[in-house]
Amino acid sequence: MIDFDNELNEAQREAVTTTEGPVLVIAGAGSGKTRTIVYRLAHLVNQGVDPAQILLLTFTRKASQEMLARAESILGRSLHTASGGTFHSFSYATLRMNSADIGFDNGFTLMDRADSENICKDVRDEMGLGKGDRSYPKKATLLDMITKSRNKELPIDAIMEREAYHLSPYLEDMLKISDGYAQFKREHALVDYDDLLFLLDKLLATNEPLRNQLQARYRYIMVDEYQDTNLVQARIVKHLAGTRGNVMAVGDDAQSIYAFRGANVANILEFPKIFEGTKIVRLEKNYRSVQPILDLTNEILKGATTKFDKHLYSDLKSDTLPQVVHPLSDQTQARLVVDQILELGRRYMLHDVAVLFRAGYQSFPLEVALTRIGIDYQKFGGIRFHEAAHVKDVLSYIRLVLNPHDLLAWQRAMEHIKGVGPKTVAKIYRAMHSGLENDKKYMAKMLKKHEPLQELLAELNRLRSTVQKPSAVLEAVLAFYQPILIEKYPDDYPKRQAGLEQLSQIAVGYTEMEQFIGDLSLDGDPEDEKRKENAVVLSTVHSAKGLEWSAVIIIDLVEDRFPSRKAMQRAEDLEEERRLMYVACTRAKRELKLFVPGSVYNRASGMSDPTLPSPFVLELPDSVFERLNESYGGGLEQRRRAYEPPAPVLARNEDEGPSPEPAAPKADPSKLGFCKHKIFGRGKIIAQLESNKFRVNFPGFGLKVIIGDYLELL
DNA sequence: TGCCTCATAGTTTTT
DNA sequence: CTATGAGGCA
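The rules behind each value
Residues numbered from 1 in each chain as written. Chains lettered and ligands numbered in written order. Predicted model: local features only at pLDDT ≥ 70, side-chain atom pairs only at ≥ 80, totals over all residues. Heavy atoms only, no water. Salt bridge = Lys/Arg side-chain N within 4 Å of Asp/Glu carboxyl O. Buried < 20%, exposed > 50% of the residue type's maximum accessible area, 1.4 Å probe, protein only. Near = heavy atom within 4 Å. Polar contact = N/O pair within 3.5 Å; in protein donor to acceptor, adjacent residues only side chain to side chain. Pairing = 2+ DSSP bridges. Helix = DSSP H or I, 4+ residues; strand = E, 2+ residues; numbered from the N terminus. Axes fitted to C-alpha atoms, helices over the stretch in contact; angles between N-to-C directions. 1 Å grid on protein atoms, 1.4 Å probe; cavity = no way out; pocket = protein on both sides within 12 Å on 5 of 7 lines; lining within 4 Å. Points joined across faces, edges and corners; volume = space filled by probe spheres on them. Nonpolar A, V, L, I, M, F, W, Y, C, P; charged D, E, K, R; others polar. Contact = heavy atoms within 4.5 Å. Expected span 1.5 Å × (residues − 1). Bend = angle between axes of the 7 residues up to and from the residue. UniProt positions renumbered as here; feature names shortened; annotations may be inferred. Patch = residues over 30% accessible without salt bridge, like charges linked within 9 Å, V, L, I, M, F, W, Y side chains within 5 Å. Areas by Shrake-Rupley, 256 points an atom, 1.4 Å probe, with all protein chains shown as cover. Lys, Arg positive; Asp, Glu negative; His and termini not counted. Charge placed at Lys NZ, Arg CZ, Asp CG, Glu CD. Domains from an automatic or database assignment.

1. Things to note about the pattern of salt bridges
Piece 1. Overall, the coordinates contain 48 salt bridges when judged by the stated rule.
Piece 2. The shortest N-O distance in the salt bridge between arginine 347 and glutamate 343 comes to 2.6 Å.
Piece 3. The partly exposed category is assigned to arginine 347, whose relative accessible area is 42%.
Piece 4. Of the residues examined, glutamate 343 reaches a relative accessible area of 32% and is grouped as partly exposed.
Piece 5. Glutamate 577 is the salt-bridge partner of arginine 358, the closest N and O atoms lying 2.8 Å from each other.

In structure tokens, the structure reads:
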């Protein structure tokens, strides 16, 4: 039997044992949210609920697998019949079983981001839009607008007006491309990530028998990270739960970090309105972090404009404060972080130490440094396994077996044939599907001209005609692809080959090809599956959500990086960055180190640019952290004086008012750029204080006030 | 039409 | 520095 009294606090116990009716759990960071879900799973099964009646929707597949596994170990029995996964994977599975009902009589294919972008490009070319316009929105931008509009369920012009005003000259074009994109998908039986959710919503809204069937099956629904659901996901939950549904939503409004994807914090706040009689449970006591870390994270939340009714507290004591470290540059930052990792490695297992950053590329210098010194690491976020070119090549054959109308897959599969490009592929595609006499002749001609095309079609026919297990199909495809792989990637094909072998290993666990393909695109990253022992973790903050480590290092805490430059324009975006910072810091259990490099490499100029510390660090009161500086010898020393805060930089030019006199000969006040100083070297001018006095940030030296005569403008 | 070269712009986050 | 896309040549 499970000892709920000892394992859970009162609030947790209430959430666990309230199994009937809607429950909303507002769970602060580290308050035992996962524990609550795990014990609730166990409790339900203990009460005699059939695991098959449980649906657990989480944000990543990994999260749901972990929770189910933990519940299994508590119960000592298997829960493999319980349904768990992401909204997207659940949608995919449900839609696949009902594909005819949503207008795909012959099934459909799930696309990834790159596929979607390429369609945008094709549609644009097809319509002949923006020819010769170098500043025309890129395919990634086009798709961004389209999916944002869908996820927020607002028209494109509204999105544009609110967050991409500079694109408004292209509004008309974008509307056309958006329509063309939708049409292309329909014609080729393709479905993107957003479609999964919208199609399921529509299916549930219109197909009453199915809805009833699912409502009857899933008597207990749990949704994790509810603050990051968007409107359509909320509707899906509503459909599944029915009117008297037993649904538990768990989330933390202070940790909402997916607004860019349409996540709507209002969902969690309105949950009690949608589900009448909702019982609200608040988990406020923190069991993860030592109090000094919580003192710091509470400060971060204090600066938020949307006030959160939260003040985390903990019984865990510590006499060491979180650290703010100022390396001279991002290069030395990498070295100092490696030193820190080695040092932390004496106290913790390396996989219990994480380095977090805002964007995937920010870890590159660190990855180099770690590799050089021989420390193993595991990276989360950034490029994914299924996005690698060779994997997509292989999958294209399989996609063609499943869906011969998948034009994107045809393009990929024929790419390597010499003399065949996108136009020819389109022609061949049309010819293959029309069956007209002329087209047959054209096909015959092409087959004669391109021998590899013959081989490809023969191989596909062979695969189509025999029903085989995914692993067998994959084996055949890999054999066929082998020569192409070697030809296409002569430099590194052994490495890619190894990746493909990994792919076929995963396939062994599947009986259905569609499921295999779907899982792969819906976050089935095999690298993630095997959690490396004793490898330090590198992760984007987004991918770190819901995880925890004994020691956490956050790097690149400077303006334009964290917060991201793109988020500096709108107050709303900056708020999300703040919550992101909050999420990052609350991952730490015992030690937290914030790195603020004095300069960062700028690949546009090929030089190091001086930085401004992140506002999230600047606003922290001195009492909640200890400050360390990199000394010129390369070590760290405690800084005695408080850091001199720079002048507000919001209105860099206008701030100081018009200059009373003509500019000093060497300093042009209209241009606050870079300068050089005899002693301090290169620096960035942040503000003009008087006609001939400037505030300058010198990498490694901090902010100085300098007379213009001593500066050489660059 | 395909393929190569050169210019240019621009760096989030994820299912 | 790298990805994207325009433009030229075969």
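2. Here we look at the protein's contact with DNA strand B
Piece 1. Arg358, Gly360, Gly421, Thr424 and Arg603 are the nearest of the 28 residues found near DNA strand B.
Piece 2. Here DNA strand B approaches the protein such that, of its atoms within 4 Å, sugar and phosphate make up 55%.
Piece 3. Take glycine 360: an N or O atom from its main chain is 2.7 Å from a phosphate oxygen of DNA strand B.
Piece 4. Glycine 419 has a polar backbone atom sitting 2.9 Å from a phosphate oxygen of DNA strand B.

3. Topic: the sheet that holds strand S1 (residues 23-27)
Piece 1. Spatially, six strands are ordered S3-S2-S6-S7-S1-S8 in an open sheet, and the strand pairing comes out parallel. The open sheet has two free edges, formed respectively by strand S3 (83-86) and strand S8 (279-283), since each of these has just one partner strand. Neighbour-to-neighbour, the strand axes of the sheet open up by a mean angle of 15°, direction not taken into account.
Piece 2. In this structure, strand S2 (residues 54-58) lies alongside strand S6 (residues 220-223), joined through four bridges in parallel fashion.

4. Quick word on empty space enclosed by the protein
Piece 1. Under the criterion given, the structure shown has two cavities of 30 Å³ or more.
Piece 2. Broken down by secondary-structure element, the contributors of at least two residues to the lining of the second largest cavity are helix H17 (389-402) and helix H22 (470-488).
Piece 3. Here the lining of the second largest cavity gets three residues from one element, more than from any other, and that element is H22.
Piece 4. In terms of residue class, the lining of the second largest cavity is built from three nonpolar, one polar and three charged.

5. Quick word on the protein's contact with DNA strand C
Piece 1. Every residue lining DNA strand C is accounted for by Lys121, Arg124, Arg134, Lys138, Lys139 and Arg603.
Piece 2. Between DNA strand C and arginine 124, the relevant distance is 3.0 Å, taken from a phosphate oxygen to a side-chain nitrogen or oxygen of the residue.
Piece 3. Residue classes in the surface near DNA strand C are distributed as no nonpolar, no polar and six charged.

6. Concerning unusual backbone geometry
Piece 1. For the peptide bond that leads from phenylalanine 562 to proline 563, omega is 10°, which places it in the cis range.
Piece 2. Even without glycine at this site, glutamate 225 takes up a positive phi of about 50°.
Piece 3. Secondary-structure assignment places glutamate 225 in the loop between S6 and helix H12 (231-241).
Piece 4. Phi at aspartate 560 is positive, roughly 80°, even though this residue is not glycine.
Piece 5. Counting through the fold element by element, aspartate 560 comes out in the loop between strand S15 (549-554) and helix H26 (571-585).

7. Things to note about the sheet that holds S15
Piece 1. An order of S13-S14-S12-S15-S16-S11-S19-S20 is seen for the eight strands of this open sheet, with the pairing classed as mixed. The sheet terminates laterally at strand S13 (377-380) and strand S20 (636-638), the two strands that pair on one side only. Averaged over all pairs of adjacent strands, the angle between strand axes in this sheet comes to 25°, irrespective of strand direction.
Piece 2. Across three bridges, the pairing between strand S19 (residues 626-630) and S20 is antiparallel. What sits directly across from asparagine 629, in S20, is glutamate 637.
Piece 3. Together, strand S12 (353-357), S15 and strand S16 (588-595) form the strand contacts of H26, whose direction differs from that of S16 by roughly 130°.

8. Thoughts on H22
Piece 1. Helix length check: H22, at 19 residues, gives a terminal C-alpha distance of 25 Å against a target of 27 Å (1.5 Å per residue), a fit within 8%.
Piece 2. By the largest-angle criterion, tyrosine 481 marks the main kink of H22, which is about 45°, and a proline, proline 483, follows within four residues.
Piece 3. Those residues of H22 that are buried are in contact with H17, helix H21 (451-465), helix H23 (493-507) and helix H24 (513-521).

9. A look at the UniProt feature "binding site: ATP" (unreviewed entry) in chain A
Piece 1. Mapped onto this numbering, the UniProt entry gives "binding site: ATP" (unreviewed entry) at Ala27, Gly28, Ala29, Gly30, Ser31, Gly32, Lys33 and Thr34.
Piece 2. Mapped onto the elements of the fold, glycine 32 is located in the loop between S1 and helix H3 (33-46).
Piece 3. The class for glycine 32 is buried, based on a relative accessible area of 16%.
Piece 4. Leaving out residues up to four positions away in the same chain, glycine 32 has contacts with Gln12 and Leu283.
Piece 5. One can find threonine 34 in helix H3.
Piece 6. Not counting the four nearest positions on each side in its chain, threonine 34 is found in contact with Met67 and Arg70.

10. Quick word on a positive patch on the surface
Piece 1. On the surface, a cluster of positive charge is made up of Lys131, Lys423, Lys427, Arg430, Lys445 and Lys449.
Piece 2. Of all the secondary-structure elements, those providing two or more residues to the positive patch are helix H19 (422-434) and helix H20 (437-449).
Piece 3. Of the residues forming the positive patch, the biggest block, three residues, is contributed by H19.
Piece 4. Position of arginine 430 relative to the elements: it lies in helix H19.

11. Describing the domain arrangement of chain A
Piece 1. Per the domain assignment, the segments making up chain A are domain 1 (10-95 + 196-285), domain 2 (113-188), domain 3 (323-376 + 524-638), domain 4 (386-509) and domain 5 (674-713).
Piece 2. Computed from C-alpha atoms alone, the centre-to-centre distance between domain 2 and domain 3 is 34 Å.

12. What to know about the environment of histidine 390
Piece 1. Here histidine 390 is to be found in helix H17.
Piece 2. Taking relative accessible area as the criterion, histidine 390 reaches 8% and is therefore assigned buried.
Piece 3. For the pair histidine 390 and lysine 488, spaced 98 residues apart in the sequence, the C-alpha separation amounts to 9.1 Å.
Piece 4. Here histidine 390 is in contact with Tyr481, Leu485, Tyr489, Arg496 and Leu500, once residues within four sequence places are set aside.
Piece 5. A polar contact of 3.0 Å, which involves the side chain of histidine 390, links it to the side chain of arginine 496.

13. Focus: helix H4 (residues 61-75)
Piece 1. Compared with the 21 Å implied by 1.5 Å per residue over 15 residues, the 21 Å span of H4 between its first and last C-alpha is a close match.
Piece 2. One or two steps after H4, the chain reaches glycine 76, where phi turns positive at roughly 70°.

14. Considering the side chain of serine 504
Piece 1. Relative to the assigned elements, serine 504 resides in helix H23.
Piece 2. On the basis of relative accessible area, serine 504 is assigned to the buried category, the value being 17%.
Piece 3. Leaving out residues up to four positions away in the same chain, serine 504 has contacts with Leu474 and Leu478.

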